[in-house]
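Residues per chain, in single letters:
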Amino acid sequence: MAINLKGRSFLTLMDFSPEEIRFLLDLAAALKAKKKAGIYNEPLLKGKNIVLLFEKTSTRTRCAFETACHDEGAHVTFLDSKSSQMGKKESLEDTAKVLGRFFDGIEYRGFEQSVVEDLAKYSGVPVFNGLTDVDHPTQILADMLTIEEHCAKPLHKVKVVFCGDIRNNMCYAWMYGCAKMGMTFVAYGPSSLTVDPEVLAAARAVAAETGASIEVSDDIAAVEGADVIYSDIWASMGEEDQIPERVKLLTPYKVTMDLLNATGNPEVLFLHCLPSFHDFETTMAKEWKEKGYDIREVTDEVFRSKHSVVFDEAENRMHTIKAVLCAMI
Ligand code: CP
Ligand code: NVA
């Protein structure tokens, strides 16, 4: 069956079938090969205009959208919460209706998932989720492409273990992604960080159809047989005041060489959405260290090891976001 995603929004992987996700991954690989070959003669987004709304900071997501658009001939406008009227002087509904008249697509990064849903509802153009408090679907596409490039197994045979803050946007996005693609997933973290029961139930309902397995565990034995160890910062954007308690809670779940060895897989991959605290080369890591807190969620040894594919993964943000834009606009 031919896949046609034109006009669709990309709010969560839960809205897409495994075949549609497969299509996006294959398109991303093809667009990556096209860029590597330096082929720019037939831009797929020529004459299109995309607006990028960021209520939280970003390096990769913003740059991925911008470079993807430039490569394929689209123009971008960047707005942050300080330089637009959104939410302060103008309602979300009115903003969405206005942006829908100007632009062919809207990217949004911010807080509530309901904002991307409302933008899609009122704008009349495709909306792309560039991260909310509860999801980060474009990141998962990049992660899956990276796994396929580095792991010989098909996705449905891959086991991913997410270590640390198991109730954050990345962990939930992975639950959805693994459920859709029939993969084995473990959220490995303290039981006091309760995974949203609705997220778990939704992922498990999909898993029951695809053959995926979605588990939550605080037992190190759960990492055994992992093909991918995944980590993220311990306090997501907007949660920085919780760092002291998170460090206490999550230090046992730090990704170390011992944890990689506990997988029993000498070929295990380390992935991380980035940004990462893996050394003390950032002002934040330094400042917290001075206050007596080591906020590193992964050791520098693992981050720089042969297991780590984090920079290939970061590059793949651009190729996969390009696939989403080209398929849906
Ligand atoms: N991984 C990711 O979304 O990075 P940014 O926050 O830099 O966009
Ligand atoms: N959980 C992180 C992901 C950053 C890409 C955050 O929301 O800050």
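Residues numbered from 1 in each chain as written. Chains lettered and ligands numbered in written order. Predicted model: local features only at pLDDT ≥ 70, side-chain atom pairs only at ≥ 80, totals over all residues. Heavy atoms only, no water.

Draft legend 1. Molecular detail of the site of ligand 1. As a matter of local geometry, ligand 1 sits amid Ser58, Thr59, Arg60, Thr61, Arg109, His136, Gln139, Cys273, Leu274 and Arg317. Glutamine 139 places a side-chain nitrogen or oxygen 2.9 Å from a nitrogen atom of ligand 1. Protein coverage of the free-state accessible area of ligand 1, which is 260 Å², stands at 95%. (Near = heavy atom within 4 Å. Polar contact = N/O pair within 3.5 Å; in protein donor to acceptor, adjacent residues only side chain to side chain. Areas by Shrake-Rupley, 256 points an atom, 1.4 Å probe, with all protein chains shown as cover.)

Draft legend 2. How the structure looks around the packing of aromatic side chains. Applying the stated criterion across every chain, the model contains 9 aromatic pairs. Note on phenylalanine 10 and phenylalanine 16: the rings are 5.3 Å apart at their centroids and 50° apart in plane angle, and the pair reads as tilted. Here phenylalanine 16 falls in the buried class, since its relative accessible area comes to 1%. These aromatic residues form a ring-pair network of at least three members: Phe162, Trp174 and Tyr230. Positioned above the aromatic ring of phenylalanine 111, the side-chain terminus of lysine 56 is 4.7 Å from the ring centre. Seen from the ring of phenylalanine 280, lysine 289 lies directly overhead, with NZ or CZ sitting 4.4 Å from the centre. (Phe/Tyr/Trp six-rings, centres within 6.5 Å; stacked < 30°, edge-to-face > 60°. Buried < 20%, exposed > 50% of the residue type's maximum accessible area, 1.4 Å probe, protein only. Lys NZ or Arg CZ within 6 Å of the ring centre and 35° of its normal.)

Draft legend 3. The arrangement of the environment of alanine 262 in detail. Along the chain, the position of alanine 262 falls in helix 9 (residues 257–262). With relative accessibility at 30%, the residue alanine 262 sits in the partly exposed group. Separated by 210 residues in sequence, alanine 262 and leucine 52 have C-alpha atoms that sit 42 Å apart. Among all residues touching alanine 262, those that are not within four sequence positions of it are Ile220, Val223 and Glu224. (Helix = DSSP H or I, 4+ residues; strand = E, 2+ residues; numbered from the N terminus. Contact = heavy atoms within 4.5 Å.)

Draft legend 4. Looking closely at the packing of helix 1 (residues 18–36) against helix 12 (residues 310–328). Across the interface, helix 1 lies against helix 12 with an axial gap of 8 Å and an inter-helix angle of 115°. By the angle class used here, helix 1 and helix 12 are roughly perpendicular. In this structure, helix 1 crosses over helix 12, and the sense of that crossing is right-handed. Contacts between helix 1 and helix 12 pair Phe23, Leu24, Leu27, Ala28, Leu31, Lys32, Lys35 and Lys36 from the former with Glu315, Asn316, Met318, His319, Thr320, Lys322, Ala323, Val324, Cys326, Ala327 and Met328 from the latter. Across the contact of helix 1 with helix 12, the residue classes tally to 11 nonpolar, 3 polar and 5 charged. (Axes fitted to C-alpha atoms, helices over the stretch in contact; angles between N-to-C directions. Parallel < 35°, antiparallel > 145°, perpendicular 65-115°, else oblique. Left-handed = near helix turned anticlockwise from the far one by under 90°. Nonpolar A, V, L, I, M, F, W, Y, C, P; charged D, E, K, R; others polar.)

Draft legend 5. Up close: the site of ligand 2. If you check the shell around ligand 2, you find Leu131, Asn168, Asn169, Asp232, Ile233, Ser236, Met237, Cys273 and Leu274 and nothing else. Within the side chain of serine 236, a nitrogen or oxygen atom sits 2.7 Å from a nitrogen atom of ligand 2. Within the contact set of ligand 2, an oxygen atom lies 2.8 Å away from a backbone nitrogen or oxygen of methionine 237. Calculation on ligand 2 without its partners gives an accessible area of 270 Å², and the protein chains cover 96% of this total. A per-class count over the shell around ligand 2 returns 5 nonpolar, 3 polar and 1 charged.

Draft legend 6. Broad picture of the pattern of salt bridges. Within this structure, the stated rule accounts for 21 salt bridges. Between lysine 35 and aspartate 71 there is a salt bridge; the shortest N-O distance is 2.7 Å. Here aspartate 71 lies in helix 2 (residues 60–71) and lysine 35 lies in helix 1, a separation of 36 residues in the sequence. A salt bridge links arginine 304 to aspartate 279, with the shortest nitrogen-to-oxygen separation between them at 3.8 Å. Within this pair, whereas arginine 304 is found in the loop between helix 11 (300–303) and helix 12, its partner aspartate 279 is found in the loop between strand 9 (269–272) and helix 10 (283–290), the two being separated by 25 residues in sequence. One continuous salt-bridge network, built from bridges that share partners, spans Asp165, Arg167, Glu239 and Arg246. (Salt bridge = Lys/Arg side-chain N within 4 Å of Asp/Glu carboxyl O.)

Draft legend 7. Fine view of the pairing of strand 1 (residues 49–54). Burial runs high along strand 1: 5 of the 6 residues are buried. As paired elements, strand 1 and strand 2 (residues 75–80) share 6 bridges and run parallel to each other. Residue pairing across strands places leucine 52 opposite phenylalanine 78, the latter belonging to strand 2. In this view, the connection linking strand 1 to its parallel neighbour strand 2 by way of helix 2 has right-handed handedness. Across 5 bridges, strand 1 lies against strand 3 (residues 105–109) in parallel orientation. Looking at strand 3, one finds that isoleucine 50 is bridged to glycine 105. (Pairing = 2+ DSSP bridges. Right-handed = clockwise from strand over helix to strand, strands pointing away.)

Draft legend 8. Quick peek at the sheet that holds strand 3. Across the sheet, which stays open at both edges, the 4 strands sit in the order 2-1-3-4 with parallel pairing between neighbours. Two strands in the sheet have a free side with no partner beyond their single neighbour: strand 2 and strand 4 (127–129). Geometrically, the sheet is characterised by an average inter-axis angle of 20° between neighbouring strands, direction not taken into account.

Draft legend 9. Representation of helix 5 (residues 137–150). Look at helix 5: 20 Å from first C-alpha to last across 14 residues, which is about the 20 Å you get at 1.5 Å a residue. Counting buried positions over the 14 residues of helix 5 gives 11, a clear majority of the element. Residues Pro137, Thr138, Gln139, Ile140, Leu141, Ala142, Asp143, Met144, Leu145, Thr146 and Ile147 constitute the buried set of helix 5. (Expected span 1.5 Å × (residues − 1).)

Draft legend 10. Spatial organisation of unusual backbone geometry. Cis geometry is found at the peptide bond from leucine 274 to proline 275, where omega equals 5°. For proline 275, the location among the structural elements is in the loop between strand 9 and helix 10. With a phi close to 120°, leucine 131 is a non-glycine residue in the positive phi region. With respect to the helices, strands and loops of the structure, leucine 131 is situated in the loop between strand 4 and helix 5. Exposure remark for leucine 131: the relative accessible area of 6% places this residue in the buried category. Within the secondary structure, leucine 274 sits in the loop between strand 9 and helix 10.

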